[in-house]
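Below are the chains, spelled out letter by letter.
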Amino acid sequence: GMRASVHIKVPNLTADGTDKKAKAVCKPLGLSVRGVGGEHTPIGADGTVDISPSARLVIQEAEIICALYNGIELLLQEEKKAKL
């Protein structure tokens with residue numbers, strides 16, 4: 001199987017210094033949010049987080065790509081809203 005993750009900058013969603021808002025967006029989509037160095041690491045000073053599918057087994061490559069695409073799309077929408 002394939003493992004994939006994406007680093008995405010969401011400074012407005014992480015303005016409080018935590019990834020709580022990003023996790024609230026990602027968790028319903030089956031995605032995990034981590035710091036830029038992986039699990040148990042801090043988010044980037046510029047608001048960069050790492051997102052990846054929570055599932056590690058029995059997940060198809062197409063499902064991974066779709067989950068990441070949908071997560072990025074929703075995170076960017078919420079990031080814009082948080083800026084207002």
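Scroll up a little and you will see the structure.
This report concerns the structure included in the present document. Bear in mind that the values here come from a model prediction, so they are computed numbers and not experimental data. (Residues numbered from 1 in each chain as written. Predicted model: local features only at pLDDT ≥ 70, side-chain atom pairs only at ≥ 80, totals over all residues. Heavy atoms only, no water.)

1. Section: the pairing of strand β3 (residues 48-53)
For a regular strand, side-chain orientation follows a simple rule: the groups alternate between the two sheet faces.
Inference 1: Across the 6 residues that make up β3, a large majority, 6, are buried.
Inference 2: The alternating pattern of β3 places Thr48, Asp50 and Ser52 on one face and Val49, Ile51 and Pro53 on the opposite face, and all of these are buried.
Inference 3: Here strand β1 (residues 6-9) runs beside β3; their pairing, made up of 4 bridges, is antiparallel. Within β3, the residue paired with Ile8 across the bridge is Val49. (Buried < 20%, exposed > 50% of the residue type's maximum accessible area, 1.4 Å probe, protein only. Helix = DSSP H or I, 4+ residues; strand = E, 2+ residues; numbered from the N terminus. Pairing = 2+ DSSP bridges.)

2. Brief notes about the sheet that holds strand β2 (residues 31-34)
Inference 1: If you trace the 3 strands from one edge of the open sheet to the other, you get β1-β3-β2, paired in antiparallel fashion. A strand with exactly one partner marks an edge of an open sheet, and here the two such strands are β1 and β2. Neighbour-to-neighbour, the strand axes of this sheet turn through a mean angle of 35°, independent of strand direction.
Inference 2: Packing against the sheet, helix α2 (residues 61-83) makes contact with β1, β2 and β3, and its axis sits at approximately 145° to β3. (Axes fitted to C-alpha atoms, helices over the stretch in contact; angles between N-to-C directions. Contact = heavy atoms within 4.5 Å.)

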